[in-house]
Amino acid sequence: MRTQIAIIGAGPAGLFLSLLLDRLGIQSVILELHTRQYIEGRVRAGLLEHNTVQLMHELGVGDRLKRQGLEHGGIELRFNNRGHRIDFRELASGKCVTIYAQHEVIKDLVAARLAANKPMLFETANLQLHAIDSTSPYVTFQHNAPGQKSTERLDCDFIAGCDGFHGVSRTSIPQGVLTTYERDYPFGWLGILAQAPPSSHELIYAHHDRGFALLSMRSPQVSRLYLQCAPDENLALWPDDRIWHELQKRLATHDGWKLTEGPIIQKGVTGMRSFVVEPMQYGRLCLAGDSAHIVPPTGAKGLNLAVADVRVLAVALGAYYSTGTTDLLAQYSATCLRRVWKVQRFSWWMTQLLHRFPDDNPFDHRRQLAELDYVTTSRAASQTLAENYVGLPLP
Ligand code: FAD
Ligand code: DHB
C-alpha cells in the first residue's frame, strides 16, 4: 500500500487529522490497534473548547453535537462549602464550552471517514515504523482481515504519530533525540457515570478538606462525577454507597443544595501526570496529542490540545503539498509547543489550586483558599481562568 500520510491511531488526534487532510485533498490511511466498537465505547473526556466545537462544524461532523451537546457559559468553583460562578460569556468575549462525550466525537468522526470511503484499518497488530529519518518512511503491521494474517507494508511521505501515550511512535525515535519534562501527582481521580439527573446546570469544581470533587454530566439524565483518590486506588474498596457518601461530603453547601444520587453505570480510576517531549518531530515523523504530551485532567484540556496540534500539522502539510515549502513543517514542533506549555501551565495551576497534596500543611491550605477567594473576586484573575478554560486563540 502507498499513501501520502500514514496516521497511527484513531483517537481524536488521528481522526481529526484525517478529516483536515481530506479537506486539503491529501491522502491518508489510518491504522488503529483496537476494534471500532472498542474506540467508540471508551469513556474518557467530555468537555470541548469553543475551537474544537467550531472545527467539528467546519468539517461537517457537528450535527449530533448541535442536537445533543450541552453549551455551558460558566463553571462554579466551590470552596468553604459555598459556590462562586465564573461567567465565561462575560469574561471570555462571549465564548463558551460544550459538554459532549469524547466517544461520541469518535463515533461522528469514524462515521464521516467511512462514509467518505477513505481507508481506515482496525485491529492492526505489531505495528512498527521504519526509515523515519529518510524521505521514504514506511510502516509494517499485521492485519487480521478475515482469513489473513500476513505482514503488510504501508509506504508514505510522512507519518503522524497519533497513537496516544502508550503508542509506538514516540518510542520509535532514537534514544537521545527527545528531552522529557514530567511531573507525577500523588493522587488520581475516581470517575463514575450515574443514571441521575445532573444536580447543577454547570460544572462544579469543589475544593474540600477531604479532597477535590468534580460534578459534570453527559445528558439531562446522566451525571459524570469525579473524586480525588490515591493514584493506585483499589476500586473494590469503593462500593456505590461509599462513593455517594464521599461525593455528598465534598460537594455539600451551607445553603441546602442537594446532590441527586442514582445507579452507578460505570467506574474507573485515572492517574494524573504532566508530561511533554521536545521536539515533537523527528525526520518524517510528527507526534500529535497524547503521544507527545499529557496534562492532568483538571483543566479538561487533553482532547482539545490534541486537536490544536493536528490543526497546525494539517496546515504545514497543506503548504508542503501545494507549494513544496517545508518551513511550516520544520516549525511544527515549535509552533505546537508554545500552546502546549501554556496549557500545561493552566492544567497544573488548576490541579494545585483544587487538590489536597499529602504533604500540605495548614499554610498551604490557607494559601489555596486565599487564591480561590482572589480568583473568584478579582475580575483580572477570573478572566485569566475563563480565557484559558474556553481555549486560548489559535496561532
Ligand atoms: P488517544 O485518544 O489515546 O488515541 C490514541 C489511539 O491510538 C487509540 O485509539 C489507541 O488505541 C491507538 N493506538 C495506540 N497504540 C497503537 C499502536 N501501536 N498501533 C495503532 N494504534 C495504536 N481531555 C479533554 O480535553 N477534556 C476532558 O474533559 C478530558 N477528560 C478526561 C477524563 C479522563 C478520565 C481521561 C482518561 C482523559 C481525559 N481527557 C480529557 C484527555 C483525553 O481523553 C486525551 O487527551 C485524548 O484522548 C488524546 O487524544 P489522542 O488522539 O492524542 O490519543
Ligand atoms: C470532564 C472531565 C474533566 O477532566 C473536566 O475538567 C471537566 C469535565 C468530564 O468528563 O465531563
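Look a little higher up for the structure.
Below, the structure is looked at part by part. (Residues numbered from 1 in each chain as written. Chains lettered and ligands numbered in written order. Predicted model: local features only at pLDDT ≥ 70, side-chain atom pairs only at ≥ 80, totals over all residues. Heavy atoms only, no water.)

1. So, helix H1 (residues 12-23)
In step 1: Along its 12 residues, H1 runs 17 Å from first to last C-alpha, staying within 8% of the 16 Å computed at 1.5 Å per residue.
In step 2: Across the 12 residues that make up H1, a large majority, 10, are buried.
In step 3: Residue Gly25 follows H1 closely and has a positive phi angle near 75°. (Helix = DSSP H or I, 4+ residues; strand = E, 2+ residues; numbered from the N terminus. Expected span 1.5 Å × (residues − 1). Buried < 20%, exposed > 50% of the residue type's maximum accessible area, 1.4 Å probe, protein only.)

2. A short note on the site of ligand 1
In step 1: The immediate surroundings of ligand 1 are formed by 32 residues, with Glu32, Arg44, Gln102, Asp290 and Leu303 found nearest.
In step 2: A distance of 2.7 Å separates an oxygen atom of ligand 1 from a polar backbone atom of Leu303.
In step 3: Coverage of ligand 1 by the protein chains reaches 89% of its 1,000 Å² of free accessible surface.
In step 4: Of all elements in the fold, only H1 and helix H8 (302-323) reach the threshold of two or more residues within the shell around ligand 1. (Near = heavy atom within 4 Å. Polar contact = N/O pair within 3.5 Å; in protein donor to acceptor, adjacent residues only side chain to side chain. Areas by Shrake-Rupley, 256 points an atom, 1.4 Å probe, with all protein chains shown as cover.)

3. Some remarks on the nonpolar core
In step 1: Counting 72 residues, the largest nonpolar core has Phe16, Leu17, Leu31, Val139 and Ile159 as the members making the most contacts within it.
In step 2: At 10 residues, H8 tops the list of elements feeding residues into this core.
In step 3: Those residues in contact with Phe16 that lie beyond four places of it in its chain are Thr52, Leu55, Met56, Leu59, Val105, Leu109, Val307 and Val310. (Core = buried A, V, L, I, M, F, W, Y, C linked by side-chain atoms within 4.5 Å. Contact = heavy atoms within 4.5 Å.)

4. Here we look at helix H7 (residues 240-251)
Since there are 3.6 residues in each turn of an α-helix, residues three or four apart along the chain are aligned in direction.
In step 1: Here H7 spans 16 Å end to end across 12 residues, near enough to the 16 Å set by a 1.5 Å rise per residue.
In step 2: Where the residues of H7 are buried, they touch strand E5 (74-79), strand E13 (179-194), strand E14 (204-206), strand E15 (213-217), strand E16 (223-229) and strand E17 (264-278).

5. Comments concerning the packing of H8 against helix H10 (residues 332-354)
Axis angle and axis distance: for two packed helices, these are the angle between their axes and the distance between the axes, and together they describe the pair.
In step 1: For the pair H8 and H10, interaxial distance at closest approach is 10 Å and the crossing angle is 160°. By the angle between their directions, the pair H8 and H10 is classed as roughly antiparallel. Crossing of H8 against H10: the hand is right-handed. Mapping the contact onto sequence places Leu305, Ala308, Asp309, Val312 and Leu313 in H8 and Tyr332, Thr335, Cys336, Arg339, Val340 and Val343 in H10.
In step 2: Here the residues of the contact of H8 with H10 sort into 8 nonpolar, 1 polar and 2 charged. (Axes fitted to C-alpha atoms, helices over the stretch in contact; angles between N-to-C directions. Parallel < 35°, antiparallel > 145°, perpendicular 65-115°, else oblique. Left-handed = near helix turned anticlockwise from the far one by under 90°. Nonpolar A, V, L, I, M, F, W, Y, C, P; charged D, E, K, R; others polar.)

6. Overview of the sheet that holds strand E8 (residues 120-121)
In step 1: Read across the open sheet, the 6 strands follow the order E8-E2-E1-E12-E19-E18; overall the sheet is mixed. What marks the edges here is a single partner per strand, and that holds for E8 and strand E18 (281-282).
In step 2: Pairing of strand E12 (residues 158-161) with strand E19 (residues 285-287), which is carried by 3 bridges, proceeds in the parallel orientation. Its bridge partner being in E19, Gly161 is matched across the sheet by Leu287. (Pairing = 2+ DSSP bridges.)

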